[in-house]
Amino acid sequence: MNHPDISWACRAVLDQPDPIAKVKAARRAARDWRLGRLDWAFATPMPLRPSRTGRPVLLPPSRMPKRGRAGSPRARIAMLHALAHIEYVAIDLAFDLIGRFGGRFPRSFVDRWMKVGAEEAMHFALLERRLHAYGARYGDLPAHDGLWEAAERTTADPLARLAIVPMVLEARGLDVTPSLISRFEAAGDGRSASVLRRIAEDEVAHVAAGVEWFRFLCSAARIDCAQTWQSQVALHFRGALKPPFNDSARVRAGLTKDMMAGVAGLCDLSHNAHVAEGGAIPDSG
């Protein structure tokens, strides 16, 4: 009996425009892989862009509105919405990585990233629930498109994709999340703070997955990992990678000090620096 293959399941996630249905498709793909229901094949091409409903409206990072007075309910909604968007795009990023590049890796690569994709879906669902508690929904506010733009620039090379998406953009979340947790706690929203703690812990493992498989490719090619990361960031990242860094979380994820020394401050400040500062986390107004 023939089963659907891995790429077909990944494409089903990317082609689903409705957020709730996308979360279900992500969970289904991860479950079907775990239960042996997906064949090891990559016959289905990945799309250049995932399907979207038109909500939220996607803007360049430089045009994202400011969030207003710090600590207000409006500001908390803006922060939760920005974080939900990052996690929503991260679902597609995980499954695009598998469907686009999985055939170049051992089966354990698919094991790891299927788990990541399912966790990103869970993160989005948790944040959407917190938005509902404030009387809001995902899509109510505009969001930026910088994360997927980074994916589009790295469609040809898994080394570049791993270097930029998990090791730069997702790693920035390790730096900014502790301050966001403090903001929610100061505002008396302990439930949102707890959700962010859960997400932050999972994201250490997600960045670590990027580092692990980046090192795998470097080892296979017999090239220096730190130097290669520096060259990939210089080539593909349109932004600034600069402190402050959450050194302890980054080290736990495998981003060692020698690696960070090679890339910190490497790029000039540009419009995509906003993405590196934590995606679309709104600025203080």
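Fair warning: this is a prediction, and the values are worked out from it, not measured in the lab.

## Description of the packing of aromatic side chains
Move 1: For the coordinates displayed, the defined rule picks out eleven aromatic pairs.
Move 2: Relative to Phe109, the ring of Phe105 lies with its centre 4.0 Å away and its plane at 5°, an arrangement referred to as stacked. Per residue, the accessibility class of Phe105 equals that of Phe109, and both read buried.
Move 3: Among the aromatic residues, those joined into a ring-pair cluster are Phe105, Phe109, Trp113, Trp213 and Phe216.

## With respect to the pattern of salt bridges
One side chain can pair with another of opposite charge once the charged atoms of both are near each other.
Move 1: By the definition in use, this model includes 17 salt bridges.
Move 2: A salt bridge links Arg11 to Asp15; its shortest N-O distance comes to 2.9 Å.
Move 3: Asp145 is paired through a salt bridge with Arg49; the nearest N and O atoms lie 2.7 Å apart. Of this pair, Asp145 sits in the loop between strand E2 (143-144) and helix H5 (146-152) while Arg49 sits in the loop between helix H2 (19-34) and strand E1 (58-59), and the two are 96 residues apart along the sequence.
Move 4: Residue classification places Asp145 among the buried residues on the basis of a relative accessible area of 14%.
Move 5: Take Arg49: its relative accessible area is 34%, and that puts it in the partly exposed class.

## A word on the layout of surface pockets
Move 1: Reported here for the largest pocket is a volume of approximately 290 Å³.
Move 2: Along the wall of the largest pocket there are 14 residues; nearest its centre are Pro19, Ile20, Phe124, Glu128 and Arg137.
Move 3: When contributions to the lining of the largest pocket are tallied by element, the ones reaching two or more residues are H2 and helix H4 (107-133).
Move 4: It is H2 that provides the largest number of residues to the lining of the largest pocket, a total of five residues.
Move 5: Here the lining of the largest pocket is composed, by residue class, of six nonpolar, two polar and six charged.

## Observations regarding helix H6 (residues 158-186)
Since one α-helical turn is 3.6 residues long, residues separated by three or four positions face the same way.
Move 1: With 29 residues, H6 should reach 42 Å at 1.5 Å per residue; the first-to-last C-alpha distance of 41 Å fits that figure.
Move 2: The largest bend in H6 is about 40°, located at Val176, with the proline Pro178 one to four residues further on.
Move 3: Among the 29 residues in H6, 22 count as buried, and that is most of the element.
Move 4: You can read the cap of H6 off the contacts: a side-chain oxygen lies 2.9 Å from the backbone nitrogen of Leu159, and it is on Asp157.
Move 5: One or two steps after H6, the chain reaches Gly188, where phi turns positive at roughly 85°.

## Looking at the packing of H2 against helix H3 (residues 73-101)
Move 1: Relative to each other, H2 and H3 sit at 35°, their axes nearing to 11 Å. For the element pair H2 and H3, the recorded crossing hand is left-handed. Counting all contacts with H2, which are made through Pro19, Lys22, Val23, Ala26 and Ala29, the residues of H3 involved are Tyr88, Ile91, Asp92 and Phe95.

## Some points on unusual backbone geometry
In terms of backbone geometry, most residues other than glycine have negative phi values and most peptide bonds are trans.
Move 1: Omega for the peptide link from Arg55 to Pro56 comes to 5°, which places this bond in the cis form.
Move 2: Among the secondary structure elements, Pro56 is positioned in the loop between H2 and E1.
Move 3: Phi is positive for Arg222, close to 55°, though the residue is something other than glycine.
Move 4: For Arg222, the position within the fold is in the loop between helix H7 (190-221) and helix H8 (225-236).
Move 5: A residue is classified by how much of its surface remains accessible, and Arg222, at 80% relative accessible area, is exposed.

Criteria and thresholds
- All residue numbers refer to position in the chain's written sequence, counted from 1.
- Note on the predicted model: pLDDT of at least 70 is required for a residue's local features to be given, and 80 or more for side-chain atom pairs to be given and counted; whole-chain, interface and lining totals, by contrast, use all residues.
- To obtain the side-chain values, all non-hydrogen atoms of the structure were used and water was disregarded.
- For Phe, Tyr and Trp, where Trp contributes only its six-membered ring, two rings pair if their centres lie within 6.5 Å, and the inter-plane angle classes them as stacked under 30 degrees, edge-to-face over 60, or tilted in between.
- Only protein chains enter the accessibility calculation, which uses a 1.4 Å probe; a residue whose area is less than 20% of its type maximum is buried, one above 50% is exposed, and one in between is partly exposed.
- Salt-bridge detection follows one rule: a side-chain nitrogen of Lys or Arg within 4 Å of a carboxyl oxygen of Asp or Glu.
- Helix numbering and strand numbering both begin at the N terminus, where a helix is a DSSP run of H or I of at least 4 residues and a strand a DSSP run of E of at least 2.
- Throughout, the protein atoms alone are placed on a 1 Å grid, and a set of points is a cavity if a 1.4 Å probe fits but cannot get out or a pocket if it is open with protein on both sides within 12 Å along at least five of seven lines; lining residues have an atom within 4 Å of a point.
- Grid points are joined across faces, edges and corners, and a volume is the space filled by probe spheres set on the points.
- Asp, Glu, Lys and Arg are counted as charged, while Ala, Val, Leu, Ile, Met, Phe, Trp, Tyr, Cys and Pro are counted as nonpolar; the rest, among them Gly, fall into the polar class.
- By this rule the span expected of a helix is its residue count minus one, scaled by 1.5 Å.
- The angle between axes fitted to the seven residues ending at a residue and the seven residues starting there is what we call the bend at that residue.
- Under the rule applied, a polar contact is a pair of N or O atoms within 3.5 Å (in protein, one hydrogen donor and one hydrogen acceptor; residues adjacent in sequence only if both atoms are side-chain atoms).
- Lines fitted to C-alpha atoms define the axes, with helix axes restricted to the stretch in contact, and inter-axis angles between N-to-C directions lie between 0 and 180 degrees.
- Take the far helix as the reference: if the near one is turned anticlockwise from it by less than a right angle, the crossing is left-handed, and if turned clockwise, right-handed.
- Residues count as neighbours in contact if any of their non-hydrogen atoms are within 4.5 Å of one another.

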